[in-house]
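# Coordinate analysis (summary)
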Amino acid sequence: MKNNTNPYRISFVVPVRDEQETLRPLSSGIAQVMATLGEADFELIFVDDGSRDASWLAMRELAADYPTRVRAIRLRRNFGKAFALATGFRHSRGALVFTMDADLQDDPTEIPKFLAQLDAGCDVVSGWKMNRQDPLSKTLPSKLFNWVTAKLTGIPLHDFNCGFKAYRREVLESIRLYGELHRYLPVLAHDLGFRIGEVPIHHHPRRQGRSKYGWERYSRGSLDLLTVLTTTRYRHRPGHLFGGVGLLAGLLGGAILAYLATLWFAGVRPVGTRPLFFVGILLVILSIQLISVGLLAELTTHHADRGPPAAAIMEQIGGEQA
């Protein structure tokens, strides 16, 4: 993600899919808040992620009305939110980058809260929809998902799914975004040592259009969580992940076989026809396979590891050549 020599201070990246009615009000709301803050140097980037309504036309009109401030990018088809965000990040020029949803449920008047957290030293600030204005069919699974994610990652955020976030540019330049990993950007940033913050925000009910996400989002999110845990916590020690699970399976399988062997010696026969016997054997085989995979992964990591990433260095002093 390249940056020009005279960057904007703030960029707003807004992925859009079938939100033609909300784009102009959102643009006006952001402009009003930025004018109140005295922030004249900002840009608003809309990314059309395969809209089937007149969203692209609305974006073109905004870009024509405000050519120095609004940019419109149209993707060839619906690639997903992470792809749309990554496209917007690559074309953004701000030192600070905000992401917002286009449905007007995110309130632009909350922007100063994010800026205050960034000024206080945070590198990533995530919104928290404390009073989420969505049906229970969305809020309850989301609460469970967020609780599990916070426990497994060790990052005490309340709302990983919130699309209202703010980043320093160096964070986005250090992370490769793909798949459905956009909701885990704070986790990926935390793994590199960036400081994560959170602010409670007001959440409006949806008044236009309909949600583009269903239950499948949580199934994909669960699989992506496994990906994130593997590539962050166990990236440099994959043997601990596979070996740990393998040892657990081996201990359980060994205990089952030892129990059946005790029964056999005690005269309680036969044991070879019991389903538990086959379970024990399968667990032992699984243990051997997982430990072997872990060792192979360690060898691969040893040869492929290029050392600490540059993003891990916060600052350095001295060492100038005479």
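Above this note sits the structure.
This one's a predicted model, so the numbers in the text were calculated from it and none came from an experiment.

## Thoughts on the overall build of the protein
Along its length, the protein carries 10 helices and seven strands. When burial is assessed residue by residue, the protein has 44% of its 322 residues classed as buried. Residue pairs at least 24 apart in sequence account for 81% of intrachain contacts in the protein once pairs closer than 6 positions are excluded. For the protein, the accessible area works out to roughly 17700 Å², and carbon and sulfur atoms hold 59% of it.

## Points about the sheet that holds strand 7 (residues 196-201)
Taken in spatial order, the seven strands line up as 3-2-1-4-6-5-7 in an open sheet, and their pairing is mixed. Each of the sheet's edge strands pairs with one partner strand only, and the pair in question is strand 3 (70-74) and strand 7. Between one strand and the next, the sheet's axes are offset by a mean angle of 20°, whatever the strand orientation. Across four bridges, the pairing between strand 4 (residues 96-99) and strand 6 (residues 165-168) is antiparallel.

## Some remarks on the environment of leucine 257
Here leucine 257 lies in helix 9 (residues 238-265). By relative accessible area, leucine 257 is classed as partly exposed at 27%. For leucine 257 and leucine 276, which are 19 residues apart along the polypeptide, the C-alpha to C-alpha distance reads 8.4 Å.

## Digging into the packing of aromatic side chains
Tallying each qualifying case throughout the model produces nine aromatic pairs. Ring plane angle 65° and centroid distance 5.8 Å describe the contact between phenylalanine 98 and phenylalanine 114, whose orientation is recorded as edge-to-face. Of the two residues, phenylalanine 98 is situated in strand 4 and phenylalanine 114 in helix 4 (residues 111-119); the sequence distance between them amounts to 16 residues. With respect to class, phenylalanine 98 is no different from phenylalanine 114; both count as buried. A ring pair is formed by tryptophan 264 and phenylalanine 265, whose centres lie 5.2 Å apart and whose planes are at 85°; its orientation type is edge-to-face. The partly exposed category is assigned to tryptophan 264, whose relative accessible area is 38%. Overall, phenylalanine 265 belongs to the exposed group, its relative accessible area being 67%. Through a chain of ring-to-ring contacts, the aromatic side chains of Phe12, Phe42, Phe98, Phe114 and Phe164 assemble into a single cluster. Sitting over the ring of phenylalanine 79, arginine 77 keeps its end group 4.1 Å from the ring centre.

## Regarding the nonpolar core
In this structure, Phe12, Phe46 and Phe98 are the most contacted members of the largest nonpolar core, which totals 33 residues. Where this core is concerned, the elements lending two or more residues are strand 1 (10-16), helix 1 (23-37), strand 2 (42-48), helix 2 (55-65), strand 4, helix 4 and strand 7. Ranked by size, the runner-up nonpolar core spans 28 residues in total, among them Val13, Tyr167, Leu185 and Val187.

## Description of the side chain of histidine 204
Counting through the fold element by element, histidine 204 comes out in the loop between strand 7 and helix 8 (216-232). At a separation of 2.9 Å, a polar atom in the side chain of histidine 204 contacts the side chain of aspartate 107.

## Remarks on the pairing of strand 2
Across the seven residues that make up strand 2, a large majority, seven, are buried. Side chains Phe42, Leu44, Phe46 and Asp48 of strand 2 all project onto a buried face; the interleaved residues Glu43, Ile45 and Val47 project onto the opposite face, where all are buried too. Here seven bridges tie strand 1 to strand 2, and the two strands are oriented parallel to one another. Following the sheet pairing, isoleucine 10 is matched in strand 2 by phenylalanine 42. Running through helix 1, the crossover from strand 1 to the neighbouring parallel element strand 2 is right-handed. Across five bridges, strand 2 lies against strand 3 in parallel orientation. Each bridged residue has a counterpart across the sheet, and for aspartate 48 the counterpart in strand 3 is arginine 74. Once the chain exits strand 2 it traverses helix 2 before rejoining the sheet at strand 3, and the crossover so formed is right-handed.

## Examining helix 9
Given a rise of 1.5 Å per residue, 28 residues ought to cover 40 Å, and the 40 Å separating the end C-alpha atoms of helix 9 matches this to within 8%. Directly beyond the C-terminal end of helix 9, a positive phi value near 95° is found at glycine 267.

## Concerning the packing of helix 1 against helix 2
Put simply, helix 1 and helix 2 touch, their axes get as near as 10 Å, and they point 35° apart. Facing helix 1, whose interface residues are Leu23, Arg24 and Ser27, helix 2 presents Ser55, Ala58, Met59, Glu61, Leu62 and Asp65. In terms of residue class, the contact of helix 1 with helix 2 is made up of four nonpolar, two polar and three charged.

## Overview of a nonpolar patch on the surface
Taken together, Leu144, Trp147, Val148 and Leu152 make up a surface patch of nonpolar side chains, about 390 Å² in accessible area. Assignment of secondary structure puts leucine 144 in helix 5 (residues 136-153). The class of leucine 144 is exposed, set by a relative accessible area of 54%.

## Quick look at helix 1
Relative to the 21 Å expected for 15 residues at 1.5 Å per residue, helix 1 spans 21 Å between its end C-alpha atoms, a close match to the ideal helical length. Those residues of helix 1 lying buried are Leu23, Leu26, Ser27, Gly29, Ile30, Val33 and Met34. Buried residues of helix 1, viewed axially, fall in a sector of 160°; they line one side. Away from its buried face, by an angle of more than 90 degrees, helix 1 presents the exposed residues Gln32, Ala35 and Thr36.

About the cut-offs
Position numbers for residues start from 1 in each chain and track the written sequence from start to end. Where totals are concerned, whole chains, interfaces and linings use all residues; where local detail is concerned, this predicted model gives features only for residues with pLDDT of at least 70, and gives and counts side-chain atom pairs only at 80 or more. Hydrogens and water molecules were not included; the side-chain quantities draw on all heavy atoms of the structure. Helix and strand definitions here come from DSSP, where helices need a minimum of 4 consecutive H or I residues and strands a minimum of 2 consecutive E residues; each element is numbered from the N-terminal end. Using a 1.4 Å probe on the protein chains alone, a residue whose accessible area is under 20% of its type maximum counts as buried, one over 50% counts as exposed, and one in between counts as partly exposed. Contacts are assigned to residue pairs that have any heavy atoms within 4.5 Å of one another. Each accessible area is a Shrake-Rupley estimate made with a 1.4 Å probe; only the visible protein chains count as cover when residues are assessed. Should DSSP find at least two bridges between two strands, the strands are regarded as paired. The angle between two axes is taken between their N-to-C directions and runs from 0 to 180 degrees, where each axis is a line fitted to C-alpha atoms and a helix contributes only its stretch in contact. Each Phe, Tyr or Trp ring (for Trp, its six-membered ring) is paired with any other whose centre lies within 6.5 Å, and the angle between the two planes then decides the class: stacked below 30 degrees, edge-to-face above 60, tilted in between. Either the NZ atom of lysine or the CZ atom of arginine qualifies as a charge over a ring when it sits within 6 Å of the ring centre and within 35 degrees of the ring normal. Take the buried Ala, Val, Leu, Ile, Met, Phe, Trp, Tyr and Cys residues and link them wherever side-chain atoms come within 4.5 Å; each set so joined is a nonpolar core. Throughout this description, a polar contact denotes any pair of N or O atoms lying within 3.5 Å of each other; where both atoms belong to protein, one of them has to be capable of donating a hydrogen while the other can accept it, and for residues adjacent in sequence the pair is counted only when both atoms sit in side chains. The crossover handedness rule: strands pointing away from the viewer, path from first strand over the helix to second strand clockwise, crossover right-handed. An expected span of 1.5 Å times one less than the residue number is assigned to each helix. The classification used treats Ala, Val, Leu, Ile, Met, Phe, Trp, Tyr, Cys and Pro as nonpolar, Asp, Glu, Lys and Arg as charged, and all other residues, Gly among them, as polar. Note on patches: the residues involved have over 30% relative accessible area and no salt bridge, like charges join within 9 Å, and the nonpolar side chains Val, Leu, Ile, Met, Phe, Trp and Tyr join within 5 Å. Each reported salt bridge corresponds to a side-chain nitrogen of Lys or Arg within 4 Å of a carboxyl oxygen of Asp or Glu. Arc definition: it is the arc formed by the directions from the helix axis to the C-beta atoms.

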